[in-house]
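Spelled out from the first residue to the last, the chains are:
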Amino acid sequence: KSTWPPEILRTEEASAPRSGGRKSSATSQAVTIFLRKLVCLGSRHIAYLCSNLGLSSSLTDQVWTVFKRCLEVKLEIFTGRRTDQIILCCIYATCKIARCVPEVSFARIIEQFKKMLPGREAHHYRVIKDVSLPPTEKGGKARRGNIIEFYNSVFIASMKEYVQRFQGIGEQRRAEEEVR
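Note that this is a predicted model, so its numbers are computed, not measured.

Undergrad: Is there a simple way to think about unusual backbone geometry in this case?
TA: In this chain, V101 is followed by P102 through a cis amide linkage whose omega measures 0°. Position of P102 among the secondary structure elements: in the loop between α4 (83-98) and α5 (106-116). Backbone geometry at R99 places phi at a positive 50°, although glycine is not the residue there. For R99, the position within the fold is in the loop between α4 and α5.

Okay, here's the thing in structure tokens:
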């Protein structure tokens, strides 16, 4: 059974008041609106970045699928973080597993990200260099780091198994291109 869209977006019952209260209905509607805006933002940013990185439509679809997977079952990855941080990691992970040529490095992704939102240096800084990371020790204090530290310590640890499903697709695409 698919978990997308999240339960709150799937049924009419989700927007119906629970226990006769208006507050839960208003909350459900607010969450629904928030998630729709999040999905729209993610879609636009993924399309822009993938296009400017020269990624194929099938690879762009894979990036989108990984992003949706984060929303479906790894929602905690968004806690205290910016959507763009997740998007940059989805792009990097998908390109890395597909072994894109030319290589799609974090530097290239960040370069295109900065072009997407020119004049927003404070936002760039928060997305790239001010990322919420888990504590290094149990019971320790949360810390801040950069996007690459987040990718290595949080994102890929959480999404590696799922992203690896695309590995065969990338190898198949390369074999088809070699035959041409």
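Further notes follow.
Undergrad: I'm lost on α4 in this one. Help?
TA: Between its first and last C-alpha, α4 extends 23 Å over 16 residues, near the 22 Å set by a 1.5 Å rise per residue. Counted residue by residue, α4 has 15 buried out of 16 residues, so it is predominantly covered. Remark: R99 follows α4 within two positions and exhibits a positive phi of approximately 50°.

Undergrad: Mind showing me how you'd approach the packing of aromatic side chains here?
TA: The geometry of an aromatic ring pair is captured by two quantities: the separation of the ring centres and the angle between the planes. Scanning the entire structure with this criterion turns up eight aromatic pairs. Between the aromatic rings of F106 and Y151, the centroid separation amounts to 5.6 Å while the plane-to-plane angle is 80°, which identifies the pairing as edge-to-face. On the criterion of sequence distance, the pair formed by F106 in helix α5 and Y151 in helix α7 (residues 147-163) is long-range, its members being 45 residues apart. Summarising the burial analysis for this pair, F106 and Y151 share the class buried. Between Y151 and F155 the ring centres are 5.9 Å apart and the planes differ by 25°, which places this aromatic pair in the stacked class.

Conventions adopted
Residues numbered from 1 in each chain as written. Predicted model: local features only at pLDDT ≥ 70, side-chain atom pairs only at ≥ 80, totals over all residues. Heavy atoms only, no water. Helix = DSSP H or I, 4+ residues; strand = E, 2+ residues; numbered from the N terminus. Expected span 1.5 Å × (residues − 1). Buried < 20%, exposed > 50% of the residue type's maximum accessible area, 1.4 Å probe, protein only. Phe/Tyr/Trp six-rings, centres within 6.5 Å; stacked < 30°, edge-to-face > 60°.

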